[in-house]
Amino acid sequence: MFAAYQLFTTFAPMQEKKDIRTLSKSELREFFETNGDKAFRGDQVYDWLWSKGLHSFDEMTNLPKKTREMLDNNFVIKHIEVDMMQRSSDGTIKNAVRLHDGLLVESVLIPTETRTTACVSSQVGCSLNCTFCATARLKRMRNLLPDEIFDQVKVIDSQSRMFFNRPLSNIVFMGMGEPLMNYNNVLAAIEKITSEEGLGMSPKRITVSTSGIPKLIKKMADDDVKFKLAVSLHSAIDQVRTSIMPFNEKFPLTELREALEYWYKKTKNRITYEYVVWKDINDKKKDVEALIKFCRFAPSKVNLIEYNPIGEDGFAQADSTAIEMYQNMLEEAGITVTVRKSRGKDIDAACGQLANKKVKN
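Residues numbered from 1 in each chain as written. Predicted model: local features only at pLDDT ≥ 70, side-chain atom pairs only at ≥ 80, totals over all residues. Heavy atoms only, no water.

A. Inspection of the overall build of the protein chain at higher detail. Each helix and strand in the protein chain was counted, giving 10 helices and 14 strands. Looking at the protein chain as a whole, 52% of its 361 residues are labelled buried. Considering only contacts within the protein chain whose residues lie at least 6 apart along the sequence, 66% involve residues at least 24 apart. Put simply, the protein chain shows about 18,000 Å² of open surface, and 49% of that area lies on carbon and sulfur atoms. (Helix = DSSP H or I, 4+ residues; strand = E, 2+ residues; numbered from the N terminus. Buried < 20%, exposed > 50% of the residue type's maximum accessible area, 1.4 Å probe, protein only. Contact = heavy atoms within 4.5 Å. Areas by Shrake-Rupley, 256 points an atom, 1.4 Å probe, with all protein chains shown as cover.)

Right, here's the structure in full:
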């Protein structure tokens, strides 16, 4: 007869490494001091991460090898990867961007003769339900982190320099997602993008486009942001706007206008309205009259945008006579108006088309 013994060994779960880009410069300095290194190493690492945009500790060549090994043992850099890049016949570039957790978003580089603009995403999918937008058909999975937004801009800046021999000049938050539903992360990303310790871009070259979340528009004004505001409007008649943007029932035009009046009072910045004209939806004289009335409270600009089909959705581009009517009536009312031709339609990179069609998760 014998006794049987079973050995039980308890292993402590391996602690996940922290993403180093969640640390501030002061926290990086404190980390080095705590670990017996010089505090200024934190300044050096911060510069590599944000000004130079490096994604590897090994490439931080002004750090001793032991310091780089210590960083590698304690941290990761959860950077994005361009899963697929497509180039349009008009020069537009679309990136399918894979995040650290495998999810995908899309970003776009839009070139003209004088500028290159980055159109960046702020969410994986979208929580709003605009019926004309391909992104709205995707389930919102999560908000993007500040560094994931920053990385999109850094990638497009590199592409602008590579393919067009000039740095990125403008940024628009008009990609996937509603930026104001990811308010804190979007503002944190813009802070990094505009900081002299980041990319050093002027906030006046950045536009945040929203479908219209009144309380967050007011919050932006209170936070004294310096970037530009654009509103995806598409109708100044509640019934029409609700039919194409159902969330308008929760945030009606009266509340939106009140918030925009507050924005202008606080910032004195002109408001841009993004506006698609569809056949038999908002192509009548009454639609233009309502838009003019809505615009009158503050200096504004209306961008009339070409509609980009996303499938069998019941929408069709309005006739050219309707576009001319909008132009003429707005100009007669003293409102600045432009007609914006879409770019990158052949690679599904135009406004409203971003939906990861070409890439599988």
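B. Fine view of unusual backbone geometry. The phi dihedral of Asn165 is positive, around 60°, even though this residue is not glycine. Locating Asn165 in the fold gives a position in the loop between helix H4 (146-164) and strand S9 (170-173). Under the relative-accessibility criterion, Asn165 is labelled exposed at 71%.

C. Structural detail: the pattern of salt bridges. Considering all chains together, one arrives at 21 salt bridges under this definition. Ionic pairing is found between Arg29 and Asp43, a salt bridge with its closest N-O pair at 2.7 Å. Of this pair, Arg29 sits in helix H1 (residues 25-34) while Asp43 sits in helix H2 (residues 40-51), and the two are 14 residues apart along the sequence. The closest approach of N and O atoms between Lys279 and Asp319, which form a salt bridge, is 3.4 Å. Taken together, the residues Lys279 in the loop between strand S12 (271-276) and helix H9 (285-295) and Asp319 in the loop between strand S13 (300-305) and helix H10 (320-332) connect sequence positions 40 residues apart. By sharing partners, the salt bridges in this structure join Arg21, Asp147 and Asp151 into a single network. (Salt bridge = Lys/Arg side-chain N within 4 Å of Asp/Glu carboxyl O.)

D. A look at the side chain of Gln44. Mapped onto the elements of the fold, Gln44 is located in helix H2. Judged by relative accessible area, which is 17%, Gln44 ranks as buried. At 2.9 Å, the side chain of Gln44 and the side chain of Arg41 are in polar contact. Setting aside anything within four residues of it in sequence, one finds Gln44 in contact with Asn62 and Leu63. (Polar contact = N/O pair within 3.5 Å; in protein donor to acceptor, adjacent residues only side chain to side chain.)

E. How the structure looks around the sheet that holds strand S5 (residues 104-111). Pairing within the open sheet is mixed, and its 10 strands lie in the order S3-S4-S5-S6-S9-S10-S11-S12-S13-S14. Each edge of the open sheet carries a strand with a single partner, namely strand S3 (81-87) and strand S14 (336-340). The mean inter-strand angle of the sheet, taken between neighbouring strand axes irrespective of direction, is 20°. Relative to strand S6 (residues 116-119), S5 runs antiparallel, the two sharing four bridges. If you follow Leu109 over to S6, its bridge partner there is Ala118. Contacts between H4 and the sheet are confined to S3, strand S4 (93-98), S5, S6 and S9, with S5 contributing the most and set at about 35° to the helix. On the sheet, H10 packs against S12, S13 and S14 and is oriented at approximately 160° with respect to S14. (Pairing = 2+ DSSP bridges. Axes fitted to C-alpha atoms, helices over the stretch in contact; angles between N-to-C directions.)

F. Main features of the UniProt feature "binding site: [4Fe-4S] cluster" (unreviewed entry) in the protein chain. The UniProt record marks Cys126, Cys130 and Cys133 with the feature "binding site: [4Fe-4S] cluster" (unreviewed entry), using the residue numbering of this structure. Among the structural elements, Cys130 can be located in the loop between strand S7 (123-124) and strand S8 (142-143). By secondary structure assignment, the location of Cys133 is in the loop between S7 and S8. Residue classification places Cys133 among the buried residues on the basis of a relative accessible area of 17%. (UniProt positions renumbered as here; feature names shortened; annotations may be inferred.)

G. Broad picture of H10. Taking 1.5 Å per residue as the helical rise, H10 with its 13 residues ought to reach 18 Å, and the 18 Å between its terminal C-alpha atoms agrees with that figure. Among all positions of H10, only Ala322, Ile323, Tyr326, Met329 and Leu330 are buried. Looking straight down H10, one finds its buried side chains confined to an arc of 140°; they lie on one side. Residues of H10 that are exposed and point over 90 degrees away from its buried face: Ser320, Thr321 and Glu332. Close packing links the buried residues of H10 with S12, H9, S13 and S14. Positive backbone phi, at 80°, marks Gly334, one or two positions downstream of H10. (Expected span 1.5 Å × (residues − 1). Arc of directions from axis to C-beta.)

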